[in-house]
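Breakdown of the fold
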Amino acid sequence: MPPQRDRVAGPRVPSILVHGGAGADPVEGRDELRAGVRVAILEGWRILAGGGSALDAVERAVRALEDHPRFNAGRGSVLTSAGAVETDASIMEGDRLQCGAVGAVSRIANPVTLARRVMEASRHILLVGEGALAFARAQGLPECDPEALVTERQRLRHRELVPATKGTVGAVALDRNGTIAAATSTGGLAGKLPGRVGDSALIGCGTYAESSIGGVSCTGDGEAIMRVVLARRALDDLKEADDPEYAARVAVDLLVEEGRGHGGLILLDWRGRMGWAHSTPLMPVALMSPAGQMDGTGSQLFNYLALGGRAAVASRPRPGTGSHEIIALNLPFAGSGNIRPTIMEPSRIARSAQMPSDKSVPPRLEFRRQFNS
Ligand code: ASP
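These remarks concern the structure in this document. Every value quoted in this text rests on a predicted model; they were computed, and no experiment measured them.

Moving on, we get to helix α7 (residues 230-241). In a regular helix each residue adds 1.5 Å, so 12 residues correspond to 16 Å; α7 covers 16 Å between its end C-alpha atoms and thus fits that length. Buried residues of α7: Leu-230, Ala-231, Arg-232, Ala-234, Leu-235 and Leu-238, and no others. Residues of α7 that are buried make contact with β7 (207-210), β8 (214-220), α6 (222-228), α8 (244-257) and β9 (263-269). Two residues or fewer after α7 comes Asp-242, characterised by a positive phi angle close to 55°.

Strand order across the open sheet formed by 4 strands is β7-β8-β9-β10, with antiparallel pairing between neighbours. The sheet is open, and its two borders are formed by β7 and β10 (274-278), each paired with just one other strand. Each strand of the sheet is rotated relative to its neighbour by a mean of 10°, with strand direction disregarded. Looking at chain direction, β8 and β9 are connected through 7 bridges and run antiparallel. By the bridge assignment for β9, Gly-215 is matched with Leu-268. Its contacts with the sheet put α7 on β7, β8 and β9, and the angle it makes with β8 is roughly 135°. This element, α8, spans β9 and β10 of the sheet and lies at about 150° to β9.

Okay, the site of the ligand next. Around the ligand, a shell composed of Lys-166, Thr-168, Thr-186, Gly-188, Leu-189, Arg-196, Asp-199, Ser-200, Thr-219, Gly-220 and Gly-222 is seen. In the environment of the ligand, a nitrogen atom lies 2.7 Å from a nitrogen or oxygen atom belonging to the backbone of Gly-220. Backbone polar atom of Gly-222 to an oxygen atom of the ligand: 3.0 Å apart, as the coordinates give it. For the ligand, whose accessible area on its own is 270 Å², the fraction buried by protein is 100%. When atom positions are compared with the pocket grids, the ligand is found to occupy the largest cavity. Here the shell around the ligand is built from residues that sort into 1 nonpolar, 7 polar and 3 charged.

The next point concerns the pairing of strand β3 (residues 98-105). Here β3 lies mainly inside the structure; 7 of its 8 residues are buried. Both strand β2 (residues 87-93) and β3 contribute to a ladder of 6 bridges, which runs antiparallel. Residue pairing for β3: Ile-91 is matched across the bridge by Gly-100. Two elements, β3 and strand β4 (residues 126-128), share 3 bridges in a ladder whose sense is parallel. Each residue of the ladder has a partner; that of Ala-101, found in β4, is Leu-126.

So, about empty space enclosed by the protein. Applying the stated criterion across every chain, the model contains 4 cavities of 30 Å³ or more. In this structure, the largest cavity spans a volume of roughly 80 Å³. If you go around the largest cavity, you meet 13 residues; those closest to its centre are Thr-168, Thr-186, Leu-189, Asp-199 and Gly-220. Looking at the lining of the largest cavity element by element, the count peaks at 3 residues for β8. As a volume, the second largest cavity reaches approximately 70 Å³. Gly-21, Ala-24, Leu-33, Lys-166 and Leu-282 are the residues nearest the centre of the second largest cavity, which is lined by 13 residues in total. For the lining of the second largest cavity, the residue count by class is 6 nonpolar, 5 polar and 2 charged.

Counted under the stated rule, the structure contains 18 salt bridges. For the salt bridge of Arg-137 with Glu-143, the shortest nitrogen-to-oxygen distance reads 2.7 Å. The partly exposed category is assigned to Glu-143, whose relative accessible area is 35%. Between Asp-269 and Arg-271 there is a salt bridge, with its nearest N and O atoms 3.7 Å apart. A residue is classified by how much of its surface remains accessible, and Asp-269, at 1% relative accessible area, is buried.

The topology assignment puts Glu-120 in helix α3 (residues 111-121). C-alpha separation for the pair Glu-120 and Gln-98, spaced 22 residues apart in sequence, amounts to 8.3 Å.

The next thing to look at is the packing of α7 against α8. Where α7 meets α8, the closest approach of the two axes is 8 Å, and the angle between their N-to-C directions is 140°. If you check the angle between α7 and α8, you find them oblique. Seen along the crossing, α7 lies across α8 with a hand that is right-handed. Counting all contacts with α7, which are made through Leu-230, Arg-233, Ala-234, Asp-237, Leu-238 and Ala-241, the residues of α8 involved are Pro-244, Tyr-246, Ala-247, Val-250, Ala-251, Leu-254 and Leu-255. A breakdown of the residues in the contact of α7 with α8 according to their chemical character gives 11 nonpolar, no polar and 2 charged.

Calculation notes
- Residues numbered from 1 in each chain as written.
- Predicted model: local features only at pLDDT ≥ 70, side-chain atom pairs only at ≥ 80, totals over all residues.
- Heavy atoms only, no water.
- Helix = DSSP H or I, 4+ residues; strand = E, 2+ residues; numbered from the N terminus.
- Expected span 1.5 Å × (residues − 1).
- Buried < 20%, exposed > 50% of the residue type's maximum accessible area, 1.4 Å probe, protein only.
- Contact = heavy atoms within 4.5 Å.
- Pairing = 2+ DSSP bridges.
- Axes fitted to C-alpha atoms, helices over the stretch in contact; angles between N-to-C directions.
- Near = heavy atom within 4 Å.
- Polar contact = N/O pair within 3.5 Å; in protein donor to acceptor, adjacent residues only side chain to side chain.
- Areas by Shrake-Rupley, 256 points an atom, 1.4 Å probe, with all protein chains shown as cover.
- 1 Å grid on protein atoms, 1.4 Å probe; cavity = no way out; pocket = protein on both sides within 12 Å on 5 of 7 lines; lining within 4 Å.
- Sits in = over half its atoms within 2 Å of the grid points.
- Nonpolar A, V, L, I, M, F, W, Y, C, P; charged D, E, K, R; others polar.
- Points joined across faces, edges and corners; volume = space filled by probe spheres on them.
- Salt bridge = Lys/Arg side-chain N within 4 Å of Asp/Glu carboxyl O.
- Parallel < 35°, antiparallel > 145°, perpendicular 65-115°, else oblique.
- Left-handed = near helix turned anticlockwise from the far one by under 90°.

Okay, structure coming up:
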């Protein structure tokens, strides 16, 4: 077990945060990305809300994004220089630092599930290529025609050498027992050499979770992320600063300045507070946590979505309950209506979602620009 020094015993407010990859702003197709992360967050959330584990929640959320053809993971992955899909994925459970990963894997539609099998059913942490495939077969995981993972969009991009917008996916979650899990899955970098393995397969680089501190999933230039061991370094920053948003920003600065690359990360601390940052124009993020459960009121919904560098959160009274519902809006998709916007930091949003009393959450609409927009 990791040191429990700072961790307070007792049930936690479950929370989940997902990302859909740091990269260029696709301009058209943003709605699809938004819908994709929304579906993923709801799938993961359903598990947490039913008392399920953080590990199940992140696996489920990442699977949803792997199945979505618009993201660079599972089906829809970018192609190697040889025109094939080769995926990387990793998953980690932060109570006992259990982890599993796969690299340069083809023929598997849900690499995150294979990574979980490596974690649970092997004595290894990372399996790659043919060896990973042989393990998948031995585990009875479904194998698919490699062509089934290639979308027309990626085939066209490959043929026309269009620089791919990114779309790696990841999730971090905290469950009621206080366990934190994180997972990341990707097709990697477009045009990569066959056999290249990136940060998403490497524990400590693309993914890390330690329940006494927090969980992280990274995205961006894999070589730069590996250079600075970004996920673990972000948790070190979090431990030091005790501020998820600050830790995320410091980690992205590290990626840019010392790693010499671009990208982003999502981060969740042991209390369920969230942070994320990116140095690219876009990183779709969705998050969800119930507010009020800590004091047993259990009636508020916290759902914050960020896309295109802008996001909004609103709370409104729930008729007849005396409580408030916090709803997510996405600017510029949603108008601000008649509610006066104010600036709010994500860490404060997370804190307000955990306010001890319904009455302390006034109706409001709040939005902020992402740091890098
Ligand atoms: N980090 C991934 C890789 O280098 C790519 C990405 O996140 O877009 O494989």
